Structure formats: structure tokens, C-alpha cells
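Below, each chain spelled out in residue letters.
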Amino acid sequence: MVIVLNDAPPRLRGRLAAWLLEVRAGVYVGNYSARTREMIWEQVEAYIDRGDAVMTWRAPTDQGFDFRTVGRNRRMPRDFDGLTLVRFAPVSDRK
């Protein structure tokens, strides 16, 4: 599994470093069971604050993987006839 963080608070980065290897700034990798993966993702959701994150892992799908996102991110997963595609949300007007 791979987790990528953007603008994450230090306490979340520290929690993930206890379970996963940080191979680059904000990029964590590891190989865990589905149950442990869910527990780790719950920590990401609880501590992400104003940041955003994506987690991907090997899964028995046509694509061979699955993923989740949390936080303020323009990329949003959408199911399209069994394939997970990424939809880009429009950029909001900034005044």
C-alpha cells in the first residue's frame, strides 16, 4: 500500500512513520493486511486536518488496485462500470 500526504500535520506524519516507511517527503509505503490498512486509514482521516491524502493498495479488481482519498483535493474517485476513474472537480473562483 502507498499513502501520499499533502499539507499534513506533523502528528499524522509521525503516526504513519511508526507503521510505514517514508520513502520521500509525504510518501509512505508498507505491506499490511486489510484490517491493519483500515486502521491506518482511520488515523489518516482523523488527523488530516486541512491537508489531503490518497491511499492505494493491490486489490482483486480489473485494474489490480483500489484507492481512497480524503481532504480537499480536486481529484475524486468515481465508479464507471466497475472501473474506478478520477474526476477533476472544477477550480473554484478565488476572489
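Residues numbered from 1 in each chain as written. Predicted model: local features only at pLDDT ≥ 70, side-chain atom pairs only at ≥ 80, totals over all residues. Heavy atoms only, no water.

Participant: Describe the sheet that holds strand S4 (residues 52–58), with residues and values.
Facilitator: Spatial ordering of the open sheet is given by S2-S3-S1-S4-S5, a layout of five strands whose pairing is antiparallel. Edge strands, defined here as strands with exactly one partner in the open sheet, are strand S2 (21–24) and strand S5 (65–71). Each adjacent strand pair in this sheet contributes to an overall mean axis angle of 20°, direction not counted. Taken strand by strand, helix H1 (residues 10–19) contacts strand S1 (2–6), S2 and strand S3 (27–29), and its axis lies near 165° from that of S1. (Pairing = 2+ DSSP bridges. Helix = DSSP H or I, 4+ residues; strand = E, 2+ residues; numbered from the N terminus. Axes fitted to C-alpha atoms, helices over the stretch in contact; angles between N-to-C directions. Contact = heavy atoms within 4.5 Å.)

Participant: With reference to specific residues and values, describe the nonpolar core.
Facilitator: By size, the foremost hydrophobic cluster in this structure holds 17 residues, and its most contacted members are Ile3, Leu5, Leu16 and Val44. Of all the elements in the fold, those that place two or more residues in this core are S1, H1, helix H2 (34–47) and S4. Look past the residues within four positions of leucine 16 in its chain and what remains in contact with it is Ile3, Leu5, Tyr28, Ile40 and Val44. (Core = buried A, V, L, I, M, F, W, Y, C linked by side-chain atoms within 4.5 Å. Buried < 20%, exposed > 50% of the residue type's maximum accessible area, 1.4 Å probe, protein only.)

Participant: Give me the lowdown on the pairing of S1, citing residues and values where you can.
Facilitator: Burial of S1 is one-sided: the residues Ile3 and Leu5 facing one way are buried, the residues Val2, Val4 and Asn6 facing the other way are not. In terms of strand pairing, S1 meets S3 through three bridges, oriented antiparallel. Across the sheet, the residue bridging to isoleucine 3 is tyrosine 28, located in S3. By the bridge criterion, five bridges tie S1 to S4 in an arrangement that is antiparallel. Considered in S4, the bridge of valine 4 is made with valine 54.

Participant: Please give an account of the pattern of salt bridges that cites residues and values.
Facilitator: According to the stated counting rule, one finds three salt bridges in the structure shown. With a closest N to O distance of 2.8 Å, aspartate 49 and arginine 11 form a salt bridge. Of this pair, aspartate 49 sits in the loop between H2 and S4 while arginine 11 sits in helix H1, and the two are 38 residues apart along the sequence. For aspartate 49, a relative accessible area of 47% translates into the label partly exposed. The exposure class of arginine 11 is partly exposed, given its relative accessible area of 45%. (Salt bridge = Lys/Arg side-chain N within 4 Å of Asp/Glu carboxyl O.)

Participant: Can you break down a nonpolar patch on the surface residue by residue, with the values?
Facilitator: Nonpolar side chains collect at one region of the surface, where Phe80, Leu83 and Leu85 lie side by side and expose about 270 Å² of accessible area between them. Along the chain, the position of phenylalanine 80 falls in strand S6 (residues 75–80). We classify phenylalanine 80 as exposed; its relative accessible area is 53%. (Patch = residues over 30% accessible without salt bridge, like charges linked within 9 Å, V, L, I, M, F, W, Y side chains within 5 Å. Areas by Shrake-Rupley, 256 points an atom, 1.4 Å probe, with all protein chains shown as cover.)

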